[in-house]
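Spelled out from the first residue to the last, the chains are:
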Amino acid sequence: MPEPQGLRLTPKLPSSNDARPPFVLQNPRSHRKLYIFGGVVAGIVVLALGLGLGLGLGLKKQSGSNYVTTNSSFLLDPSFEVSNTTTTRYYEWVVEEVNGSPDGFERPMLVVNRQFPGPLVEVNSGDELVVNVFNKMSNGTTIHWHGQLQNGTNFMDGTNGITQCPIPPGMNFTYRFTINPNQYGTFWWHAHASTQYTDGIYGPIVIHSPNEPIYGTYDRDAVVILSDWYHDMSAGLLTQYLSAAGIDGSNYGGFNPGAEPPPDSGLINGQMTGSSMVLEPNLRYRLRLINMGTLTQFVFSVDEHVLSVVEADGTSLQPVDVHRVPLHVAQRYSRCRKCAIKLSNPNLNTMVLGTLTYGATPTTPNTVDWSDALPQDCLDLNSTMIVPAIAMNPPNSTQSVQVTMSFQQTVESGGTQAESTNPTILQFYNGGVQTNFDSSQLVVVNDQIAVIDLVMTNYDDSSHPFHLHGHVFYILGEGTGTYRTGISPLTLVNPPRRDTLTIPGYGWIAIRFVTDNPGLWAFHCHIGWHMAAGLLMQFASLPSQVQQFQIPAYVAQQCTMQSGGIHYKTVFLVKQPFRPY
């Protein structure tokens, strides 16, 4: 009988700071090949989840009770009809706070329909998706559909302060939009208000299409969700993170400004231990890897199986074989580059194991890693390995935008900082094209279709995963040091395409995208603590067309019902907004 195969996750945490895979199961005694279909793997964890946070670990009572239903296995229903015939898919969601213990430690969680991870959204390309979200929490929330283009429905993007106000407690918001007929692959949804998704509001999106290049090359589908986990609610951790002393400063000499809260656990499909998928022998499986973490990068591997990566961020790839797949937050495939950790957690297990079983009974996994060394830097999968299966060369650039990012400590007056009750989309919708904004905002406005080269220089020592809403961009180049026009190498022939990439520490990236999608689109670091602290900018594309949107009345009405929005405590440490050169 073949033995259960071990899933090995090596979480890595950034200092300051997806993949859909199928595998062909062959002779269990030989090195099998798994076909990895690049899904939404978001999160680079540079470290081995071992952070020693004082945050009351060991002071809280452990409990076996769990009021949350754990979605420990995401084996997709093979009877789902993949078709070019479109339909409307309806979902009813209730967001609330309930108790759960994904890693055996009971704590309050924020979840959808009392499930963790949240419900699977499964559609065909071109389907209409309708999700009615009822908020039973005490704070407002929004739901973002990560990787969805939202062409013509920017007001359904779910980005707090940009495309909507938070859904007030006791109210509902109906998200209604059409899946782009040319989109397929693995994506995810998550709360986009403060750091709420850290507490459990997230889940997978799978878009099928008979036009996907890899369609028909596998027999079954499975989703593997990787995430980090905390024993404390994120709101309290965020308050400490933004304080003058830093995270739990009293336990670390009283002064740790800028140190991100280190997680307490790593999870596979919502469990630290016991996660198992029972597969049928002699069938080809597509594993869709998604990193839904807040801070951590995972390095994913399966014992004795070569992983063939065939898709990343919804873009089909020419297959490339690897032993391990690095996954950064909100992104797919990454490598670990600079892995300095500011805080460590001795209670954190740096290895998270699960089982893939076929032709045997699941048992406690024993794992034997590959002999080649783990990567020591926090970077994406090498761009030479990410070759789109459908070749496309980028159009010629018409505009260059150069920005820098850095971390600075500032002291601000005032007691609270609230989310916006006047989102950017309504500013354009009601007031027309604007170019003047508050000093805390960086908005690039284009009322004509442009082809933008965005060059970002990172003055921080750690890498950061950046996500652009509403677009799939071309990755022209990346490197260390500073980008030099005409000297730094760029790839203009079928470069990688995705919606999230990693900018290396003390390095640069150059991406190209077309501003042909009307709306207000966020570009931000997907490390949850950094995004909440302000590491975000916006692109306003074709704002004259934004005024022609048919925005439902309840979008504006809910902005008048805010009771101060989502509040943070006094803010001392903020991330300096992007500054143009």
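What counts as what
- Residues numbered from 1 in each chain as written.
- Predicted model: local features only at pLDDT ≥ 70, side-chain atom pairs only at ≥ 80, totals over all residues.
- Heavy atoms only, no water.
- Salt bridge = Lys/Arg side-chain N within 4 Å of Asp/Glu carboxyl O.
- Helix = DSSP H or I, 4+ residues; strand = E, 2+ residues; numbered from the N terminus.
- Buried < 20%, exposed > 50% of the residue type's maximum accessible area, 1.4 Å probe, protein only.
- Pairing = 2+ DSSP bridges.
- Axes fitted to C-alpha atoms, helices over the stretch in contact; angles between N-to-C directions.
- Contact = heavy atoms within 4.5 Å.

Novice: Mind laying out the pattern of salt bridges, listing which residues take part and the relevant values?
Specialist: Under the counting rule described, the total for this entry stands at eleven salt bridges. With its nearest N and O atoms 3.2 Å apart, the salt bridge here joins Glu 96 to Arg 114. Taken together, the positions of Glu 96 in strand β7 (residues 88-100) and Arg 114 in the loop between β8 (107-112) and β9 (115-116) put the pair 18 residues apart, joining distant regions of the chain. When the shortest N-O distance is used, the salt bridge between Asp 313 and Arg 498 registers 3.0 Å. A residue pair is termed long-range when its members are at least 10 positions apart, and Asp 313 in the loop between β21 (305-312) and β22 (315-322) and Arg 498 in strand β33 (residues 497-498) qualify at 185 residues. Accessibility assignment for this pair places Asp 313 and Arg 498 in one class, buried. Via salt bridges that share partners, Glu 96, Arg 114 and Lys 136 belong to a single interconnected network.

Novice: Describe the sheet that holds strand β14 (residues 185-191), listing the residues and the values that go with them.
Specialist: Spatial strand order, β10-β15-β14-β12: four strands in an open sheet with mixed pairing. Each of the sheet's edge strands pairs with one partner strand only, and the pair in question is β10 (121-124) and β12 (143-146). Recorded for the sheet is a direction-independent mean angle of 20° between the axes of neighbouring strands. With four bridges connecting them, β12 and β14 associate as antiparallel partners. Of the residues in β14, the one forming a bridge with Trp 145 is Trp 189.

Novice: If you had to explain the pairing of strand β36 (residues 519-525) to someone new, which residues and values would you point to?
Specialist: Among the seven residues of β36, seven are classified as buried, and the element is accordingly described as predominantly covered. Of the two faces of β36, the one holding Gly 519, Trp 521, Phe 523 and Cys 525 and the one holding Leu 520, Ala 522 and His 524 are both buried throughout. The sheet contact formed by strand β31 (residues 464-468) and β36 spans three bridges and is antiparallel. Its bridge partner lying in β36, Phe 466 is registered against Cys 525. Judged from the six bridges that link them, β36 and strand β37 (residues 536-541) form a sheet pairing that is antiparallel. Across the sheet, the residue bridging to Gly 519 is Ser 541, located in β37.

Novice: With reference to specific residues and values, describe the sheet that holds strand β34 (residues 500-503).
Specialist: The mixed open sheet is built from five strands, whose spatial order is β29-β37-β36-β31-β34. Of all the strands in the sheet, the pair left with one neighbour each is β29 (443-446) and β34. Strand after strand, the sheet turns through a mean of 20° between neighbouring axes, direction not considered. Most of the contacts of helix α2 (residues 424-431) go to β36, to which it runs at about 155°, and overall it touches β29, β36 and β37.

Purely geometric numbers; function is a separate question.
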